[in-house]
Amino acid sequence: MFLPILQVNSEDLPGLAIVCGDPRRAEVIARKLDNVRELSFAREYRTFVGEFSGTRLAVVSHGVGSPGAAVCFEELIRGGVGTLIRVGTAGSYSAEHPAGSLIISTAAIRAEGLTRQLVPEGFPAVADSAVTEALYEAALQGGGIVKKGLTVTLDVFFSGVVDIPHKTYKAAGALAVEMEIAALYVVASLRGARAGAILALDGYADADLAAEYDPHSDEVANAVEREIDAALRAAVKLASH
Ligand SMILES: O=P(O)(O)O[C@H]1O[C@H](CO)[C@@H](O)[C@H]1O
Ligand SMILES: O=c1cc[nH]c(=O)[nH]1
């Protein structure tokens, strides 16, 4: 089957995919694979396939924001991918886990618009427990600060004049904010796939991002490297379960 938006043949896809927002991060991950092949680069969706420690996997970029990312997740699952691991970045809610820390998202607060057009209010955006545990174990092996828990998925990145209730989300236990996990978990639930996510923190979510956001520091680059390695180790473990 030809997947028209990713522009990939489903016959070329393995059962597991690592997904990330940035096409350049997809290339960085792909460089760690053996027998790697780029299948396509259509819009923001860049697709590679290869092997890590003998496990076949795809690496696919999904761009920024839930609607575009959901298109990617839907086509991957339609193409036979049964396990999806998001490797992303996020803003932190606590000085206990500053920039450079890793978060494993167990579930996402659906503070975005896309999933409201897929499922009713109250439907949970929840990770698969096996994927979550594999990511958590693999991340702990890599060292540094690693936490697992609730994350928030927003549509907005640079704030406007509407207050985003960061204090409420934080008081409710959320650890970090990003822009695609709710879509990933809801689409995976609806379509019978399993999904999880690991995030490298790149600053504080309730800071003035326009002035302070720096996703290119050494500590963030180091955390992204650790999360990629953790995701690859988790993928190997999940491929046999
Ligand atoms: O690092 P990625 O995977 O792109 O994730 C985060 O970074 C982007 C914002 O800069 C959003 O896509 C957000 O979810
Ligand atoms: O959505 C995002 C991604 C990274 N950092 C943030 O603060 N927000």
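Located above this text is the structure these notes cover.
Every value quoted in this text rests on a predicted model; they were computed, and no experiment measured them. (Residues numbered from 1 in each chain as written. Chains lettered and ligands numbered in written order. Predicted model: local features only at pLDDT ≥ 70, side-chain atom pairs only at ≥ 80, totals over all residues.)

### Digging into the overall build of the chain
Right, so step 1: Secondary structure summary: the chain contains 7 helices and 12 strands in total.
Right, so step 2: Rg of the C-alpha trace for the chain: 16 Å, near the compact-globule value of 18 Å for 241 residues, within the 12% margin.
Right, so step 3: Dimensions along the principal axes, computed over C-alpha positions, put the chain at roughly 45 × 40 × 30 Å.
Right, so step 4: Out of the 241 residues in the chain, the part that is buried amounts to 49%.
Right, so step 5: Intrachain contacts of the chain at a sequence separation of at least 6 include 77% that bridge at least 24 residues. (Helix = DSSP H or I, 4+ residues; strand = E, 2+ residues; numbered from the N terminus. Rg over C-alpha atoms; globule rule 2.2 N^0.38 Å. Buried ≥ 20, exposed ≤ 12 C-beta atoms within 10 Å, placed from the backbone. Contact = placed C-beta atoms within 7 Å.)

### Points about helix α1 (residues 23-30)
Right, so step 1: When we look at burial in α1, the residues that qualify are R25, A26, I29 and A30. Buried positions in α1, seen along its axis, are confined to an arc of 140° and lie on one side of it.
Right, so step 2: Looking at the buried side of α1, the elements it contacts are β3 (16-20), β4 (34-42), β5 (45-52), β6 (55-61), β7 (83-92) and α7 (218-239). (Arc of directions from axis to C-beta.)

### So, the nonpolar core
Right, so step 1: Counting 83 residues, the largest nonpolar core has I18, F73, L84, L135, L184 and A231 as the members making the most contacts within it.
Right, so step 2: In terms of residue count, the dominant contributor to this core is α7 (9 residues).
Right, so step 3: Other than its neighbours up to four places away in sequence, L184 contacts A69, F73, L84, R86, A195 and A197. (Core = buried A, V, L, I, M, F, W, Y, C linked by C-beta atoms within 7 Å.)

### What to know about the packing of helix α2 (residues 66-78) against helix α5 (residues 181-191)
Right, so step 1: Taken N-terminus to C-terminus, the directions of α2 and α5 make an angle of 30°; their axes are 9 Å apart at the nearest point. It follows that α2 is roughly parallel to α5 by the angle criterion. The chirality of how α2 crosses α5 is right-handed. Every residue of α5 that contacts α2 at S66, A69, A70, F73, E74 and I77 is listed here: A182, A183, L184, V187, A188 and R191.
Right, so step 2: A breakdown of the residues in the contact of α2 with α5 according to their chemical character gives 9 nonpolar, 1 polar and 2 charged. (Axes fitted to C-alpha atoms, helices over the stretch in contact; angles between N-to-C directions. Parallel < 35°, antiparallel > 145°, perpendicular 65-115°, else oblique. Left-handed = near helix turned anticlockwise from the far one by under 90°. Nonpolar A, V, L, I, M, F, W, Y, C, P; charged D, E, K, R; others polar.)

### Some remarks on the site of ligand 1
Right, so step 1: Taken together, C20, G21, D22, V64, G88, T89, F157, E178, M179 and E180 make up all the residues around ligand 1.
Right, so step 2: Across the shell around ligand 1, the residue classes break down as 4 nonpolar, 3 polar and 3 charged. (Near = placed C-beta within 6 Å.)

### Remarks on unusual backbone geometry
Right, so step 1: Unlike most non-glycine residues, N35 shows phi in positive territory, near 50°.
Right, so step 2: Mapping N35 onto the fold places it in strand β4.
Right, so step 3: Even without being glycine, S53 reaches a positive phi, approximately 45°.
Right, so step 4: Looking at where S53 falls in the secondary structure, it is placed in the loop between β5 and β6.

### Re the site of ligand 2
Right, so step 1: In the region of ligand 2, 11 residues are neighbours, and T89, G91, E178, M179 and A205 sit closest.
Right, so step 2: When residues of the shell around ligand 2 are assigned to their parent elements, the largest contribution, 3 residues, is made by β7.
Right, so step 3: Tallied by class, the residues present in the shell around ligand 2 amount to 6 nonpolar, 3 polar and 2 charged.

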